[in-house]
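Read off the chains here:
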There are 2 protein chains.
Amino acid sequence: MTQRNLDRLFNPKSIAMIGASATPVKWGFIVLLNILKEGFTGPVYPVNPKLETILGVPCYPSLQAIPGPVDCAVITTPALTVSALIDECGRKGVGNVVVITSGFSETGSEGTLMEREIVEKARGYGMNLVGPNTMGVFSAGCNLHALMPPVVPLHGGISMFSQSGNVGVQMLYWGNNKGIGFEKFVSSGNEGDLKCEDYLTYFAGDTDTKVILGYMEGLDPGSHLYRVARRVSREKPVLIFKGGRTQTGGTAAASHSGAMAVSSRVLRAAFRQAGIIEIEDSQGLVDCAKAFSACPIPRGNRVGILTRGGGWGVITADACEENGLVIPRLSDTLMERLNRVLPPYWSHGNPVDMAAVITSEPYLECLKALAGWDEVDSVIALGGFIQGAMDFNTTVEEGPTELKETVAFAREFAKEYTAQDDVVLEETRRLSEETGKPIIVVTLGDYDNHRSGLMNHRVVSYPTPERAVRALKRMVDYRRFLDSPA
Amino acid sequence: MTQRNLDRLFNPKSIAMIGASATPVKWGFIVLLNILKEGFTGPVYPVNPKLETILGVPCYPSLQAIPGPVDCAVITTPALTVSALIDECGRKGVGNVVVITSGFSETGSEGTLMEREIVEKARGYGMNLVGPNTMGVFSAGCNLHALMPPVVPLHGGISMFSQSGNVGVQMLYWGNNKGIGFEKFVSSGNEGDLKCEDYLTYFAGDTDTKVILGYMEGLDPGSHLYRVARRVSREKPVLIFKGGRTQTGGTAAASHSGAMAVSSRVLRAAFRQAGIIEIEDSQGLVDCAKAFSACPIPRGNRVGILTRGGGWGVITADACEENGLVIPRLSDTLMERLNRVLPPYWSHGNPVDMAAVITSEPYLECLKALAGWDEVDSVIALGGFIQGAMDFNTTVEEGPTELKETVAFAREFAKEYTAQDDVVLEETRRLSEETGKPIIVVTLGDYDNHRSGLMNHRVVSYPTPERAVRALKRMVDYRRFLDSPA
């Protein structure tokens, strides 16, 4: 297999925007707007023969009229015009084209012929072609936002390829909502030329990419993806979510991306062999992206559970066992240490149920003891921060003055109490770094506190223990792969 | 089995708060504060011999000193004092006691003896006893908030019993975050006297209760729960989440609530026979509570899928098939109808992939056609509302004036565009009512839009299709039970 050089696709020095438009409802407008407003680091050359300037930037009548060299051309003009534009790009020496235009192989046999033509031409010129029918490309390093939807991803260590534009872009939105940052992103579209294994290979060699994410519906029969993945997975985690696992889903995928159905069983085996971490659903895609990008990989499958409430400890223990994780019995030494911190009626076992002790000092003492214990490889800490859990935003309008004053006091008390969250989160991060073990927090509350926990403290948290366990299980699977003979 | 009369427990005319305290950090203070600030409809009598008033309310030196009758006494005084207080309650003719105090059977053999004593006494007086070691009771009708944590549930049709106070209370918090309302709630604590089947029986006969929710860790060997559930399930859905399904979880449950482990397989069979909807995880508890309380039960397992993006259609179809739901092929008539609304390159199948048509009129046309189609029993509609999906809250500080102005314009445009959400949601609700079929929406965005969709439009939505499918599957299971011979 030949390795494609995608350096200038993801790090172009200059961009031409062919089909740049001044009309807000056209894609040529929206993509250009995204590129300009996010401040791409090099020159941007809009191409449109009918305009002198667009959005305050000089506009060029043709690619040839652009004064300097062009590394990457983004195309949004109608399908029938693309073939001639590829020739123009070839003459100009453009090495990379991103064909956002749809109406190719996804629409039937005529479109398939057109697609074949533009791909053959592009290959003749030694060009890289993304798409057609792609939602675009993002690259954090050079502030490249050549994207159709108006999403502005957070920057971080994850790079993603997606055979579905909508799924990939939704992942970027989710990242924004949850504090998960991206390094590079590509919607691979119809994959007329560049395919997911090309992106995978490139991300593998990209030092800024720490975790690779993929959404995939199908592979060409001769695809090298598994072979590439097997090598890459040794270096960095490769997480793939596969759509079209069932007959119904497969039929839909065939109509959507032309993918061929592969049974779940076959797929699972191929993934396992290649060291690919299989993502089971779209929520898992987000949850695992978070865990893998912010946590150390645990050394094994042994988990310490810390909880402030018995029921949640039970639920977490169930989820661990159902996912093949082990909850070791506490040692006598650890038991004694916890006895000194906790009231006599604590659970005296793992899960360590603090039995309604809700202050932060004993919580952190227990967390330190558990994380430092040799017999566990990770800790799930329930109730790690409580912001949002206090429901004192009621005010009392009627009734005795004393009651009104007390409600106001309680509100202040709750505020002060949750202010300790920052201390708890910082200590959680420190303990994880010191021990090299993931400490995954489970906490009440809305998405804002999960986002700020991750962004301000690099602490990974989920709203339910089962989601924490599923993400942890995937990390344990990855460790097993890393420990297996190459 | 004798049926306990819990009318005056959940609808007391008056409450005594024994252990009422003026110190903010004591439970006797917090529970009283919750009761007073939420405005319980009858008289509240704090009992504390050391104080004349508490929170501006007259305080009584003893139960006997209270001028009127007392329907329900809430107790937070230390464990050793409870036995004598039960006698006092008996003499006063109090029919219901809620023993929040802990330190009974959950702490060992001595506590077990004390618990037996208070329960025997209470039974001798013909009293109902909640707990001990309970987090309290909530009842919407009379604004009863006898709860330890400062949570103020939304009002709605769900009643819940929980063998874990923390799990139950967290469910109330989640309800607040997601717009799910409760009618009655009880943390059953150690279940010294009243057990979950007693609450189940009571909720069954309570006309204000539309859906029953339970968190359970264990049952007494002689429990009538399944027998009761089998009868109740014919009338209203009973959803139970069972902790302690595994050996590890079971051990933790034994330490937490004294529950005995039951294998998942045995449990599943018992639940199925009893018509209980088994909740698989804590997220499912919230998701199913939402669906069952706001959607009609589908008549069968056939699903129509409407999507704006191909990849999400594939993912939804996979999830449906993996959960035993059927995606029927479109009829010719329906196909023709959709042809008139959609561009030529739409999927021509179910999932109905609108292929990037993002305006609301064709979306609603398609939704109407799908929901009205005889061959489906429910619809999953992806991209039903898009609030939060538009990411134009960037402003541009530098660059040409034209660019700055356009970004401001785009922001306004996005706002106007998402303003159509209300129209779409109202029409979604109307179509569901008209057809009697659940229409479950899947949408991007943070929790706020799911909450407002439910609260303002009674439309159920989830952030991922798999969660929608899992909730729908539970409703289909319930239909299957209803259709089975009694």
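Starting afresh in each chain, residues are numbered from 1 along the sequence in its written order. Key to labels: chains lettered from A, ligands numbered from 1, both in the order written. For a predicted model such as this one, the threshold for reporting local features is a pLDDT of at least 70, and the threshold for listing and counting side-chain atom pairs is 80 or more; totals across whole chains, interfaces and linings nevertheless cover every residue.

Engineer: Help me understand the interface of chain A and chain B, please; the structure alone is not making it clear to me.
Structural biologist: Many descriptions give the size of an interface as the accessible area lost when the pieces come together. Our contact criterion uses C-beta atoms placed from the backbone: two residues qualify when those atoms are within 7 Å. Counting from both sides, the interface comprises 75 residues of chain A and, opposite them, 75 residues of chain B. Secondary structure elements follow DSSP: runs of H or I no shorter than four residues count as helices, runs of E no shorter than two count as strands, and numbering proceeds from the N terminus. Within the residue set of the side of chain A that touches chain B, elements represented by two or more residues are helix 2 (27-37), helix 5 (165-178), helix 8 (247-257), helix 10 (282-294), helix 11 (310-322), helix 14 (401-418) and helix 17 (465-483) of chain A. When residues of the side of chain A that touches chain B are assigned to their parent elements, the largest contribution, 11 residues, is made by helix 11 of chain A. Here the side of chain A that touches chain B is built from residues that sort into 33 nonpolar, 29 polar and 13 charged. Ten residues, namely Ala, Val, Leu, Ile, Met, Phe, Trp, Tyr, Cys and Pro, are considered nonpolar, four, namely Asp, Glu, Lys and Arg, are considered charged, and the remaining ones, Gly among them, are considered polar.

Engineer: Sorry, what's going on with the packing of helix 11 of chain A against helix 17 of chain A here?
Structural biologist: A pair of packed helices can be characterised by two numbers: the angle between their axes and the separation between those axes. Residue and element names in this part refer to chain A. The angle between two axes is taken between their N-to-C directions and runs from 0 to 180 degrees, where each axis is a line fitted to C-alpha atoms and a helix contributes only its stretch in contact. It is the contact of helix 11 with helix 17, at a shortest axis distance of 9 Å, that shows an interaxial angle of 30°. The orientation of helix 11 with respect to helix 17, classified from their angle, is roughly parallel. For the pair helix 11 and helix 17, the sense of crossing is right-handed. Of helix 17, the residues touching helix 11 (which contributes Trp312, Ile315, Thr316, Ala319 and Cys320) are Pro465, Glu466 and Val469. Classifying every residue of the contact of helix 11 with helix 17 gives six nonpolar, one polar and one charged. Angle categories: roughly parallel below 35 degrees, roughly antiparallel above 145, roughly perpendicular from 65 to 115, and oblique for all the rest. The sense of a crossing depends on the near helix, which, turned anticlockwise from the far helix by less than a right angle, makes the crossing left-handed and, turned clockwise, makes it right-handed.

Engineer: Please clarify how the sheet that holds strand 16 (residues 352-353) of chain B should be interpreted in this entry.
Structural biologist: The strands that make up a sheet are held in pairs by hydrogen bonds between backbone atoms, and each pair lies either parallel or antiparallel. All names here are of chain B. The sheet built from five strands is open, its strands ordered 16-15-17-18-19 with parallel pairing. Of all the strands in the sheet, the pair left with one neighbour each is strand 16 and strand 19 (461-462). At least two DSSP bridges between two strands are required for those strands to pair. Here two bridges tie strand 15 (residues 303-307) to strand 16, and the two strands are oriented parallel to one another. Paired with Thr307 across the bridge in strand 16 is Asp353. Seen against the sheet, helix 11 (residues 310-322) touches strand 15, strand 16 and strand 17 (378-382) and runs at an angle of roughly 160° to strand 15.

Engineer: Please clarify how the domain arrangement of chain A should be interpreted in this entry.
Structural biologist: All names here are of chain A. The start and end points of each domain follow an automatic or database-based domain assignment. Segmentation of chain A into domains returns domain 1 (1-145), domain 2 (151-294) and domain 3 (296-483). Computed from C-alpha atoms alone, the centre-to-centre distance between domain 2 and domain 3 is 31 Å. At the junction of the two partners, domain 2 supplies 14 residues and domain 3 supplies 17 residues. Of all the secondary structure elements, the ones that give two or more residues to the side of domain 2 that touches domain 3 are helix 5 and helix 10. Here the side of domain 2 that touches domain 3 gets seven residues from one element, more than from any other, and that element is helix 10. Class assignment for the residues of the side of domain 2 that touches domain 3 results in six nonpolar, five polar and three charged.

Engineer: Just checking my understanding: could you explain the relation of the copies chain A and chain B for this structure?
Structural biologist: Both copies of the chain are related by a screw-like operation: a rotation about an axis and a shift along it. To superpose the copies, least squares is applied to the C-alpha atoms of every residue with a pLDDT of at least 70 in both. Under the fitted operation, chain A is carried onto chain B by 0.0 Å of movement along the axis and a turn of 180°, and the coordinates agree to an RMSD of 0.0 Å. What the superposition gives is, in effect, a two-fold axis relating one chain to the other. Take the interface residues of chain A: 100% of them recur as interface residues in chain B, which is what a same-surface contact looks like.

Engineer: Teacher, can you tell me more about the sheet that holds strand 7 (residues 128-130) of chain B here?
Structural biologist: Residues and elements named next belong to chain B. Here five strands make up an open sheet; going across it, the order is 2-1-5-6-7 and the pairing parallel. Each having just a single partner strand, strand 2 (44-47) and strand 7 make up the two edges of the open sheet. Ignoring strand direction, the axes of neighbouring strands in this sheet form an average angle of 20°. Two strands pair when backbone bridges link them, and strand 5 (residues 72-75) and strand 6 (residues 96-99) are joined in this way by four bridges, in the parallel orientation.

Engineer: What is the right way to look at unusual backbone geometry in this model?
Structural biologist: Apart from glycine, the bulk of residues carry a negative phi angle, and the bulk of peptide bonds sit in the trans form. A cis amide bond, omega -5°, links B:Gly131 with the succeeding residue B:Pro132. In the segment running from B:Asn350 into B:Pro351, the intervening peptide bond is cis, with an omega of 10°. Mapped onto the secondary structure, B:Pro351 falls in the loop between helix 12 (332-339) and strand 16. The backbone of A:Leu55 sits at a positive phi, close to 50°, despite the residue not being glycine. We call a residue exposed when 12 or fewer other C-beta atoms sit within 10 Å of its C-beta, buried when the count reaches 20 or more, and partly exposed for counts in between; the C-beta positions come from the backbone. The buried category is assigned to A:Leu55, around which 24 C-beta atoms lie within 10 Å. Of note, the phi angle at B:Glu191 is positive, near 55°, even though the residue is not glycine. Of note, B:Glu191 is situated in the loop between strand 11 (182-187) and helix 6 (196-205). Among the residues examined, B:Glu191 registers 27 C-beta atoms within 10 Å and is labelled buried.

Engineer: How should the nonpolar core be read in this particular structure?
Structural biologist: For soluble globular proteins, nonpolar side chains are generally found buried alongside one another. Counting residues in hydrophobic clusters, the biggest one holds 303 residues, and the most contacted among them are A:Met17, A:Leu200, B:Met17 and B:Leu200. Per-element tally for this core: the top contributor is helix 2 (residues 27-37) of chain B, with eight residues. Not counting chain neighbours up to four residues away, the residues in contact with B:Leu200 comprise B:Phe161, B:Ile212, B:Leu225, B:Val228, B:Ala229, B:Val232 and B:Val238. By definition, a nonpolar core groups buried Ala, Val, Leu, Ile, Met, Phe, Trp, Tyr and Cys residues that are joined through C-beta atoms within 7 Å.

Engineer: In this structure, what is going on with the environment of A:Val31? I would like to understand it.
Structural biologist: All names here are of chain A. Along the chain, the position of Val31 falls in helix 2. Overall, Val31 belongs to the buried group, with 27 C-beta atoms counted inside 10 Å. Through-space distance from the C-alpha of Val31 to that of Lys473 is 39 Å; in sequence the pair is 442 residues apart. Those residues within four positions of Val31 in sequence are excluded, and the remaining contacts are Met17, Val74, Thr76, Ile100, Gly136, Ala146, Leu147 and Met148.

Engineer: Help me understand the pairing of strand 11 of chain B, please; the structure alone is not making it clear to me.
Structural biologist: In regular strands, side chains alternate between the two faces of the sheet. All names here are of chain B. Within strand 11, six of the six residues are buried, which leaves it mostly tucked inside the rest of the structure. One ladder, built from six bridges, connects strand 10 (residues 155-162) with strand 11; its direction is parallel. The residue bridging Ser162 from the neighbouring strand is Ser187, located in strand 11. By convention a crossover is right-handed if, when the strands point away from the viewer, the path from the first strand over the helix to the second runs clockwise. Between the parallel pair strand 10 and strand 11, the chain is carried across by helix 5 (residues 165-178), and the sense of this crossover is right-handed.

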